[in-house]
Amino acid sequence: MNRRQFIQDTAVGLAAVSLPSFGNNTALTRMGIVVHSYAIRGNPKVESKKYPGFQDALGLIEHCHSIGAGGVQTVVKDWPIDFAKKVRERCEKLEMYLEGSIGLPNKAGDMATFENEVKNAKEAGIQILRTACLSGRRYETFKTAQAFEEFKRNKIQALQWVAPILHKHQIKLAVENHKDWYAAELVEMLKQLGSEWIGATLDFGNNISLLEEPMQVVQTLAPYLISTHIKDMAVAEYEDGFLLSEVPLGQGILDIPQMIAICQQYNPKVRFNLEMITRDPLEIPCLTNHYWATSEATGLQLAQTLQRVKKYRFPTALPRISPLPLEERLATEEANIVACIEYGRKKLGFS
């Protein structure tokens, strides 16, 4: 599979690959791991002798260090102050960075809880918090444009609420393109907020589900970059649209070196957090009516996406994890993450 050809198939892609090669403007430190990469093992109730579930963030940190990761991005909800101190001490000893993941307040009454979580995150040594405005996916969650607009207004209000708290505690918040925002929508929202403490978590592959060309998404969000989710994606056809899967780095369609270079151009200190979610392929039902209820995509984007899916479909059936016994699912999850860390070191220049 020719990864650059995938980008070159659109005019946007041609512009992307014509950018100067920035190379490693800043030496790449070790890649970190997002807690969601351990979607299976991250459950503390998982029973396995070889792959026991992580009981808390300390367990995740210890394991990620053991496989060569340079840091962790993990959920900070309900951390007592003494636990936050233990996390900080351990990360400092292991020379690992730590980013947090936090939920936005749903109402004004949630503000005290949010600020307490921010304070505890800071006690743990965290300077960057990632958030997602929507837990699900835009085309699955909302049935009408009006419902999405209400959601959008509520999230803008929540971000306006938290901006003074972030400023007070000197912590940055990075809003992810989490299959909810088109890249331009997220930029518009960040401009409206106008806060130096709120920017973007750039997920390399999520917006394929919204029919956006991946390199254009990177170019659009990179000027607002605070954090990243680095991943590779594979696609295949299905009757209602296409299937989308995270796959180990180097096995998919994304031009990861160029994406890294663009990120470094705009934020030389940005960390690259691996999000390799081992799961069944996601169905992107872009040929159904309900998908378009909140879509901002054009017919041209639909046609270009389906053309690319057909041309660059995965050479075999996309991996499915659900039929496997638990121990095999855990082993596959671990193997995928380790493969990404190795690829990053050998092919992408991470230390």
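Residues numbered from 1 in each chain as written. Predicted model: local features only at pLDDT ≥ 70, side-chain atom pairs only at ≥ 80, totals over all residues. Heavy atoms only, no water.

Enquirer: If you had to explain the sheet that holds strand β10 (residues 273–274) to someone new, which residues and values would you point to?
Expert: Overall, parallel pairing links the eight strands, which are arranged β7-β6-β5-β4-β3-β2-β1-β10 in an open sheet. The open sheet has two free edges, formed respectively by β7 (225–229) and β10, since each of these has just one partner strand. Here strand β3 (residues 97–101) pairs with strand β4 (residues 128–131) via two bridges, running parallel. Bridging from a neighbouring strand, S101 pairs with R130 of β4. (Pairing = 2+ DSSP bridges. Helix = DSSP H or I, 4+ residues; strand = E, 2+ residues; numbered from the N terminus.)

Enquirer: Please set out unusual backbone geometry residue by residue, giving values where relevant.
Expert: We note that D78 has phi near 60 degrees; this positive angle belongs to a residue other than glycine. Within the secondary structure, D78 is located in the loop between β2 (71–75) and α4 (81–94).

Enquirer: Tell me what's going on with the nonpolar core, and back it up with residues and numbers.
Expert: Membership of the largest hydrophobic core comes to 100 residues, with the highest contact counts inside it found for W79 and F204. Ranked by residue count, the leading element in this core is helix α7 (residues 145–169), at nine residues. (Core = buried A, V, L, I, M, F, W, Y, C linked by side-chain atoms within 4.5 Å. Buried < 20%, exposed > 50% of the residue type's maximum accessible area, 1.4 Å probe, protein only.)

Enquirer: Go over the pattern of salt bridges, please, and point to the residues and values.
Expert: Enumeration according to the criterion identifies 15 salt bridges in this entry. The shortest N-O distance in the salt bridge between E275 and K231 comes to 2.9 Å. Linking E275 in the loop between β10 and β11 (282–284) with K231 in the loop between β7 and β8 (232–238), this pair joins segments that are 44 residues apart in sequence. Here E275 matches K231 in class, with each residue buried. Note that R345 and E342 form a salt bridge whose closest N and O atoms lie 2.1 Å from each other. Of this pair, R345 and E342 both sit in helix α12 (residues 326–347), three residues apart, roughly one helical turn. One continuous salt-bridge network, built from bridges that share partners, spans D203, K231, E246, E275 and R279. (Salt bridge = Lys/Arg side-chain N within 4 Å of Asp/Glu carboxyl O.)

Enquirer: Talk me through the state of the cysteines; I want residue IDs and the actual numbers.
Expert: The final tally for this structure, using the stated rule, is zero disulfides. We note that C133 lacks a disulfide partner, and the nearest cysteine sulfur, in C263, lies 19 Å from it. The closest cysteine sulfur to the non-disulfide-bonded C263 is located on C340, 16 Å from its own sulfur. (Disulfide = S-S within 2.5 Å.)

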